[in-house]
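# Reading the structure
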Amino acid sequence: MTSGAPADPPPPADDADLLAEAFFREKNVADLADAGVDGAGPSIARRLVPLVLGVVALLVVTDVALRHWMPVEDLVPWMAPEPAAYIAKVERFASSPAPDVLVLGSSRVRDGVVPDEVEGEIVKRGGPELDVYSLGLVNAKLAEWRAFARSHLPDPAPKRVVIGVTGSELVRVHGFQYAARFLWRPADLVDYVGRTSYEDFKVANVESFLESLLGECWYLFQQRLPLRKRLVETVLETVGLGENDAGKLERRAATRAWLTDFIMSEDGYAPQPDAPARSLAQSIKLDERDVQRSIPQRELVRDSEMREGSFEVLAELVADLKSQGCSVALVEMPTSPYLQALNPVLHGDVFRQRAAELCEELDIVWIAMPPSRTFLTDAMYTDVNHLDVNGARRYSRVLGRLLLASGFLDEDDEP
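Residues numbered from 1 in each chain as written. Predicted model: local features only at pLDDT ≥ 70, side-chain atom pairs only at ≥ 80, totals over all residues. Heavy atoms only, no water.

This part is about the nonpolar core. If you look at the biggest cluster of nonpolar residues, it comprises 69 residues, and the most contacted ones within it are Leu 102, Phe 148, Ile 163, Trp 184, Leu 314 and Leu 321. In terms of residues, this core owes the most to one element, helix H4 (residues 81–94), which gives seven residues. When near neighbours in sequence (up to four residues on either side) are disregarded, Leu 314 contacts Leu 142, Leu 170, Leu 330, Leu 358 and Leu 362. If you look at the next biggest cluster of nonpolar residues, it comprises 36 residues, including Val 101, Val 114, Tyr 269 and Ile 367. (Core = buried A, V, L, I, M, F, W, Y, C linked by side-chain atoms within 4.5 Å. Buried < 20%, exposed > 50% of the residue type's maximum accessible area, 1.4 Å probe, protein only. Helix = DSSP H or I, 4+ residues; strand = E, 2+ residues; numbered from the N terminus. Contact = heavy atoms within 4.5 Å.)

In a structure, side chains of opposite charge can pair up when their charged atoms sit close to one another. Summed over all chains, the structure comprises 25 salt bridges. Arg 401 serves as the salt-bridge partner of Glu 121, at 3.8 Å between the closest nitrogen and oxygen. Pair noted here: Glu 121 is in helix H6 (residues 115–124) and Arg 401 is in helix H22 (residues 389–405), with a separation of 280 residues, a long-range link. On the accessibility criterion, Arg 401 (28% relative accessible area) is partly exposed. The salt bridge partner of Asp 191 is Arg 195, with a shortest N-O separation of 3.0 Å. Of the two residues, Asp 191 and Arg 195 both sit in helix H10 (residues 186–195), four residues apart, roughly one turn of that helix. Accessibility expressed as a relative area gives 29% for Arg 195, which makes it partly exposed. Among the charged side chains, a salt-bridge network with shared partners connects Arg 146, Arg 150, Asp 188, Asp 191, Arg 195, Glu 316 and Asp 320. (Salt bridge = Lys/Arg side-chain N within 4 Å of Asp/Glu carboxyl O.)

A grouping of Asp 100, Asp 131, Asp 410 and Glu 411 is seen on the molecular surface, where their side chains present a negatively charged patch. Looking at the element boundaries, Asp 410 is found in the segment after H22. (Patch = residues over 30% accessible without salt bridge, like charges linked within 9 Å, V, L, I, M, F, W, Y side chains within 5 Å. Areas by Shrake-Rupley, 256 points an atom, 1.4 Å probe, with all protein chains shown as cover. Lys, Arg positive; Asp, Glu negative; His and termini not counted. Charge placed at Lys NZ, Arg CZ, Asp CG, Glu CD.)

Let's shift gears to H10. If you check which residues of H10 are buried, you get Asp 188, Leu 189 and Tyr 192. For H10, the angular spread of the buried residues around the axis is 100°, confining them to a single face. Among the exposed residues of H10, those oriented more than 90 degrees off its buried face are Val 190 and Gly 194. Tucked into the core, H10 has its buried residues touching helix H7 (142–151), helix H9 (179–183) and helix H11 (203–217). (Arc of directions from axis to C-beta.)

Summarising the element assignment, Glu 144 is placed in helix H7. Given the relative accessible area of 0%, Glu 144 is considered buried. C-alpha of Glu 144 to C-alpha of Tyr 86: the two residues are 58 residues apart in sequence and 9.8 Å apart in space. Ignoring any residue separated from it by four or fewer positions in sequence, one finds Glu 144 in contact with Tyr 86, Asn 139, Phe 176, Gln 177, Tyr 178, Ala 179 and Leu 183. A polar side-chain atom of Glu 144 sits 2.7 Å from the main-chain amide nitrogen of Tyr 178. (Polar contact = N/O pair within 3.5 Å; in protein donor to acceptor, adjacent residues only side chain to side chain.)

Below, the discussion takes up the layout of surface pockets. Of the voids in this model, the largest pocket is the one considered here, and its volume is about 720 Å³. Together, 31 residues line the largest pocket, and Ile 87, Arg 181, Phe 182, Gln 222 and Gln 223 are the ones closest to its centre. Among the elements that line the lining of the largest pocket, the one with the most residues is H4, at seven residues. Grouping the amino acids of the lining of the largest pocket by side-chain chemistry returns 17 nonpolar, six polar and eight charged. (1 Å grid on protein atoms, 1.4 Å probe; cavity = no way out; pocket = protein on both sides within 12 Å on 5 of 7 lines; lining within 4 Å. Points joined across faces, edges and corners; volume = space filled by probe spheres on them. Nonpolar A, V, L, I, M, F, W, Y, C, P; charged D, E, K, R; others polar.)

With that out of the way, let us pick up the packing of H4 against helix H14 (residues 246–264). The interhelical angle for the contact between H4 and H14, taken along N-to-C directions, is 30°, at an axis separation of 9 Å. By the angle between their directions, the pair H4 and H14 is classed as roughly parallel. Crossing geometry of H4 relative to H14 is assigned as right-handed. Within the contact between the two elements, H4 uses Pro 81, Ala 84, Ala 85, Ala 88, Lys 89 and Arg 92 and H14 uses Leu 259, Phe 262, Ile 263 and Met 264. A breakdown of the residues in the contact of H4 with H14 according to their chemical character gives eight nonpolar, no polar and two charged. (Axes fitted to C-alpha atoms, helices over the stretch in contact; angles between N-to-C directions. Parallel < 35°, antiparallel > 145°, perpendicular 65-115°, else oblique. Left-handed = near helix turned anticlockwise from the far one by under 90°.)

Orientation of H7 relative to H10, taken along the N-to-C sense of each, is 145°, at an axis distance of 11 Å. Both H7 and H10 take part in a crossing whose hand is right-handed. Across the interface between the two elements, Arg 146, Ala 147 and Arg 150 from H7 touch Ala 187, Asp 188, Asp 191 and Arg 195 from H10. In the contact of H7 with H10, the residues fall into two nonpolar, no polar and five charged.

Right, let's get into the environment of Val 109. Checked against the element boundaries, Val 109 lands in helix H5 (residues 107–112). On the accessibility criterion, Val 109 (0% relative accessible area) is buried. For the pair Val 109 and Ser 134, spaced 25 residues apart in sequence, the C-alpha separation works out to 7.0 Å. Leaving out residues up to four positions away in the same chain, Val 109 has contacts with Val 103, Leu 104, Ser 134, Leu 135, Gly 136, Gly 164 and Met 333.

Sheet architecture is open: five strands sit in the order S2-S1-S3-S4-S5, paired in parallel fashion. Among the strands making up the open sheet, the edge pair consists of strand S2 (132–136) and strand S5 (365–367). Looking at each pair of strands side by side, their axes are set apart by 20° on average, direction ignored. In the sheet, strand S1 (residues 101–105) pairs with strand S3 (residues 160–165) via four bridges, with the strands oriented parallel. Its bridge partner lying in S3, Val 101 is registered against Arg 160. (Pairing = 2+ DSSP bridges.)

Bringing the pairing of strand S4 (residues 327–332) into the picture now. Walk down a regular strand and you will see the side chains alternate between the two sheet faces. Of all six residues in S4, six are buried, a share of seventy percent or more. Residues of S4 alternate between two faces, with Ser 327, Ala 329 and Val 331 on one and Val 328, Leu 330 and Glu 332 on the opposite face, all of them buried. Inspection of the sheet shows S4 paired to S5 by three bridges, in the parallel sense. Counted as the bridge partner of Ala 329 is Val 365 from S5.

Structure representation (structure tokens):
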């Protein structure tokens, strides 16, 4: 090597040494940053904390503002009927003074019980003046009624509770739809897990319950659908792209007006504006096969549970109501004579006999409503399950008369 010439560079390190040097170099820099020494800035974690807290604060403020400026009652016109009833109507009922008589049931009660007619018939027959409230919840069955009775009654509770039933609502213990989504409390979930077999257990019910808990804490999440619908509709109307079909606008306005009346009604009842053009009798005459195709299969099953079932949930429902000081009556919400003939097990004589036995065991009033007592014909139904307005008024007068005759309304009646 020539004197004074630069030395040859050392041979490159192997890959393992290069990777090790890079690793420890980056680690040292990170350690310095975390320690905040040698001029290093704040750590990533410390920079994120204020950002996260700011986002959470913004969400909380937004949620509080939405609850205040857009309460549930104001969102009803943009809600679907089921959430509107199970959230807004139930909440309003629970926070109001209790009526003298609560009539609880499914959509058959919603369409079939007219409180004014019940009250008027009772007074006409020499009975007391009573405040009757009709609370019909779509697809409500034993699970919904029990969850409602446990935690959604006013305090004090109504003195008298009338439950309007058919056989299909009694036998579908595991086939409920809305209890977990809208009405459950933790005790209801525990009860469901304890009583339900592996075959009947549905994870979706647990998911719905957890989602409802989140919705109670987070208003924006609970009401995301009506809020979004209202926002989109407002924006489109502002820029001139809203609905301009006069017929659709009129129908939408009528539906929203009915839904608001139904939710805010003082007695719980509001007749629907879009009644079918034909009665059930006319539909049968026009195309009976089409009518039969429209009947839900569950209404046609001759369920052996009606003859053999223990109906524990019904007994627990009655016990829950009695523990709150309520007298209880079970009344038939009659389906159409046409459906009763197709399935007398769930809707006819088998159901009535079994219900009478159950009420005797539970020591509560039972009121059967066969066609021979109500004189309701297929011409008074909009479909196989629901009464039209005229049929509802007739049924309600019969109900008032029979409740009075049964002694259920006696002033000295105690649960």
